[in-house]
Amino acid sequence: MTKKIIAINAGPRKGWNTDTLVDEASRGAESAGAAIEKYDLFRLERYTGCNSCFGCKRERNKGRCIYRDSLTPVLDAIRESDGLIIGSPNYLSEMTASFRALYERLVFPNLTYSKESPCCCQRRVPVLLIMTSNAPENAYQDLLDRYRKTLDSFVGPTKV
């Protein structure tokens, strides 16, 4: 069975650094037999980050963002995938706002507020997180470590 990988460019420039690295990682996955579905967040219609409606905390929606906008099909595709590649440039020492919107709506639905079982994620999806910047290699290691730890906990095993 062919593995399905979701590739996401959270940068605004098609064909530039972040997009190129996401495409190269996708080609690597394709060469191993995976099917790639790519999304460019800056090309989607208007969407938002988490609006804290808590619909994802209701038992019937557990772990699923219920807000409907152009990010909904992306989130659905990620949940059904075998892996996620996501890249963002560094803007002002942080990932892009587009990345953050996706990140909030990907992570928050799986957060339970329970010490015994902090995550309700039914199916873990491995993540490759790519950040581009014109800075020394370890300049943003703390930032990337925080994202990696959170994605590890609430989405799936994450490599940076």
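Preceding this section is the structure that the text describes.
Position numbers for residues count from 1 along each chain, tracking the sequence in the order it is written. Predicted model: local features are reported for residues with pLDDT of at least 70 only, side-chain atom pairs are reported and counted for 80 or more only, and whole-chain, interface and lining totals are derived from all residues. Each side-chain value is worked out from all heavy atoms of the structure, with water and hydrogens disregarded.

A. Main features of the packing of aromatic side chains. We call Phe, Tyr and Trp rings a pair once their centres come within 6.5 Å, taking the six-membered ring for Trp, and we label the pair stacked below 30 degrees between planes, edge-to-face above 60, and tilted otherwise. For the coordinates displayed, the defined rule picks out six aromatic pairs. Judged by centre distance (5.1 Å) and plane angle (90°), the rings of F99 and Y147 are edge-to-face. Here F99 is found in helix α3 (residues 97-107), whereas its partner Y147 is found in helix α4 (residues 141-154), with 48 residues between them in sequence. Whether a residue is buried, partly exposed or exposed follows from its accessible area with a 1.4 Å probe, protein chains only, as a fraction of its type maximum: under 20%, in between, or over 50%, in that order. By relative accessible area, F99 is classed as buried at 2%. Exposure remark for Y147: the relative accessible area of 3% places this residue in the buried category. Counting every residue linked through ring pairs, the aromatic cluster contains F54, F108 and Y113. Our definition puts a charge over a ring when NZ of Lys or CZ of Arg is within 6 Å of the ring centre and also within 35 degrees of the ring normal. Here R13 stacks its cationic end above the ring of W16, 5.0 Å away from the centre of that ring. For the purposes of this entry, the term helix denotes a DSSP run of H or I that reaches at least four residues, the term strand denotes a run of E that reaches at least two, and both are numbered from the N terminus.

B. Inspection of empty space enclosed by the protein at higher detail. Cavities and pockets were defined on a 1 Å grid built from protein atoms only: a cavity is a group of points that admits a 1.4 Å probe but offers it no way out, a pocket is an open group of points flanked by protein on both sides within 12 Å along at least five of seven lines, and a lining residue is one with an atom within 4 Å of any such point. Grid points are joined across faces, edges and corners, and a volume is the space filled by probe spheres set on the points. In total, this model carries two cavities of 30 Å³ or more according to the counting rule given. Approximately 80 Å³ is the volume attributed to the largest cavity. Lining the second largest cavity are L84, I86, F99, L102, Y103, L106, V127 and L151. Mapped by element, the contributors of at least two residues to the lining of the second largest cavity are β3 (83-89) and α3. When residues of the lining of the second largest cavity are assigned to their parent elements, the largest contribution, four residues, is made by α3. For this classification, Asp, Glu, Lys and Arg are treated as charged, while Ala, Val, Leu, Ile, Met, Phe, Trp, Tyr, Cys and Pro are nonpolar and the rest, including Gly, are polar. Classifying every residue of the lining of the second largest cavity by side-chain character gives eight nonpolar, no polar and no charged.

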